[in-house]
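Each chain, written out:
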Amino acid sequence: MQHERSAGALSNTSLARRAWDIRRKAVRMGEVQGQGYVGQALGVADVLAVSYFHALNYRPADPEWEGRDRFLLSIGHYAIALYAALIEAGILPEAELETYGADDSRLPMSGMAAYTPGMEITGGSLGQGLGIGVGMAMGLKAKGNPAFVYNLMSDGELGEGSTWEAAMAAAHHKLSNLICIVDFNDQQADGKSTETLSAEPVHDKWAAFGWHVQRVDGNDIDALVAAFDTARNLQDDRPRAIVCDTVMCKGVPFLEAREITHFVRVEADEWQKALSVLDETKPE
């Protein structure tokens, strides 16, 4: 029988270590190419750690197991973050980390489902993930499959009309097996999300569309664990949203302080500096 990773397996201390490992792997991949969306990876690492080592059911050796929870990366440019989580989860071998972004690599710079085990969708065209998640959730319900569908999206995608069409459809079809995670880091290519096209009040908007909503500190492991547990165990037929306020480049203060963090500029000599900073804060 294949090993199955069941929800709720790790302590919060262990989850913090997993988040640290995800951050470090993402920075190592960024060093390979000399670039990458490492700001997002550092910021969302805690969310991914809780997702993959507390909430999700999956079999590392069988990424297409029918009983798995589906994790959709709507924000395809966050692929470096998800690769780090998939390596940490044992779905991808760590040796492939060194191939990030190279020709013929299974780890292209933007996530592609056809290339990478564990990558459920190709998410480069923003605002599409939640709609795909609605279809998956409907299909699982029709088959009597108890698996959850998780959709990780960005606050920038809240400005896409397709997101709200999907949100309306999810509530209409009573998709209690759909959990949407919003990484709210208040950054996008043109500047702050709240200044480019504000989606506030975010909590009230999701609630108005018929969703159960929680808003938490997305860099607080305890808060994330509680939010994911609530979303999974809610005893009604609403879809569930978890809005996670995160800090870009979290864990590397000299990068956090950069004025532009959407595609943060990291000099050649700063990759090792970033790894050293992380090593100094390694959880026990």
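Residues numbered from 1 in each chain as written. Predicted model: local features only at pLDDT ≥ 70, side-chain atom pairs only at ≥ 80, totals over all residues. Heavy atoms only, no water.

The next thing to look at is the overall build of the chain. Looking only at helices and strands, the chain features ten helices and five strands. Rg of the C-alpha trace for the chain: 18 Å, near the compact-globule value of 19 Å for 284 residues, within the 12% margin. Here the C-alpha coordinates of the chain stretch approximately 50 × 50 × 35 Å along the principal axes. For the chain, the residues scored as buried account for 54% of the 284 residues in total. For the chain, restricting intrachain contacts to residue pairs at least 6 apart in sequence, the fraction spanning at least 24 positions comes to 76%. Summed over its atoms, the accessible surface of the chain is roughly 11700 Å², and 50% of this surface lies on carbon and sulfur atoms. Charge centroids of the chain, computed over 25 positive and 40 negative side chains, lie 5 Å from each other. (Helix = DSSP H or I, 4+ residues; strand = E, 2+ residues; numbered from the N terminus. Rg over C-alpha atoms; globule rule 2.2 N^0.38 Å. Buried < 20%, exposed > 50% of the residue type's maximum accessible area, 1.4 Å probe, protein only. Contact = heavy atoms within 4.5 Å. Areas by Shrake-Rupley, 256 points an atom, 1.4 Å probe, with all protein chains shown as cover. Lys, Arg positive; Asp, Glu negative; His and termini not counted. Charge placed at Lys NZ, Arg CZ, Asp CG, Glu CD.)

Judged by pairing direction, the sheet is parallel, and its five strands sit side by side in the order β1-β2-β3-β5-β4 without closing on themselves. Each having just a single partner strand, β1 (70-73) and β4 (212-217) make up the two edges of the open sheet. Each strand of the sheet is rotated relative to its neighbour by a mean of 20°, with strand direction disregarded. The sheet contact formed by strand β3 (residues 178-184) and strand β5 (residues 240-245) spans six bridges and is parallel. Paired with phenylalanine 184 across the bridge in β5 is aspartate 245. Running over the sheet, helix α8 (residues 221-233) touches β2 (149-154), β3, β4 and β5 and is turned about 170° from β4. (Pairing = 2+ DSSP bridges. Axes fitted to C-alpha atoms, helices over the stretch in contact; angles between N-to-C directions.)

Quick look at the UniProt feature "domain: Transketolase N-terminal" (unreviewed entry) in the chain now. Here the UniProt-annotated "domain: Transketolase N-terminal" (unreviewed entry) positions come out as residues 23-273. In residues 23-273, the share of helix is 39% and the share of strand is 12%. The end C-alpha atoms are 14 Å apart. (UniProt positions renumbered as here; feature names shortened; annotations may be inferred.)

Where a strand is regular, its side chains alternate between the two sheet faces. Side chains of β1 alternate between two faces, with Arg70 and Leu72 and Phe71 and Leu73 buried alike. By the bridge criterion, four bridges tie β1 to β2 in an arrangement that is parallel. By the bridge assignment, arginine 70 is partnered in β2 with valine 149.

This brings us to the environment of isoleucine 221. By secondary structure assignment, the location of isoleucine 221 is in helix α8. Using a relative accessible area of 11% as the deciding quantity, one classes isoleucine 221 as buried. Dropping the residues within four chain positions of it, isoleucine 221 is found in contact with Asn12, Leu15, Ala16, Asp46 and Val50.

Attention now goes to the nonpolar core. Leu48, Tyr52, Phe71, Leu82, Tyr150, Ile181 and Phe228 are the most contacted members of the largest nonpolar core, which totals 66 residues. Counting residues per element, this core draws most heavily on helix α2 (residues 38-55), which supplies twelve residues. In this structure, leucine 82 is in contact with Leu48, Tyr52, Phe71, Leu73 and Met119, ignoring residues within four places of it in sequence. (Core = buried A, V, L, I, M, F, W, Y, C linked by side-chain atoms within 4.5 Å.)

Bringing the pairing of β2 into the picture now. The element β2 is extensively covered by neighbouring structure, given that six of its six residues are classed as buried. Judged by which residues are buried, β2 turns out to be covered on both faces: Val149, Asn151 and Met153 on one side and Tyr150, Leu152 and Ser154 on the other are all buried. In this structure, β2 lies alongside β3, joined through six bridges in parallel fashion. If you follow leucine 152 over to β3, its bridge partner there is isoleucine 181. Crossover handedness for the path β2 to helix α5 (residues 161-172) to β3: right-handed. (Right-handed = clockwise from strand over helix to strand, strands pointing away.)

With 15 residues, helix α4 (residues 129-143) should cover 21 Å at 1.5 Å per step; its first-to-last C-alpha distance of 21 Å lies within 8% of that length. Three or more residues of α4 are buried, namely Gly129, Leu130, Gly133, Val134, Ala137 and Leu140. All buried residues of α4 lie within an arc of 140° about the axis, which places them on one face of the element. For α4, exposure combined with an orientation more than 90 degrees from the buried face picks out Ala142 and Lys143. As for α4, its buried residues are in contact with β1, β2, α5, β3 and α7 (202-208). (Expected span 1.5 Å × (residues − 1). Arc of directions from axis to C-beta.)

Time to look at the packing of aromatic side chains. One pass over the full model with this rule turns up nine aromatic pairs. With centroids separated by 6.3 Å and ring planes inclined at 65°, the aromatic side chains of tyrosine 83 and tyrosine 100 adopt a geometry described as edge-to-face. Placement of the pair is tyrosine 83 in helix α3 (residues 79-88) and tyrosine 100 in the loop between α3 and α4, with a sequence separation of 17 residues. Accessibility expressed as a relative area gives 2% for tyrosine 100, which makes it buried. Relative to phenylalanine 228, the ring of tyrosine 150 has its centre 6.1 Å away and its plane inclined at 20°; by these criteria the two rings are stacked. (Phe/Tyr/Trp six-rings, centres within 6.5 Å; stacked < 30°, edge-to-face > 60°.)

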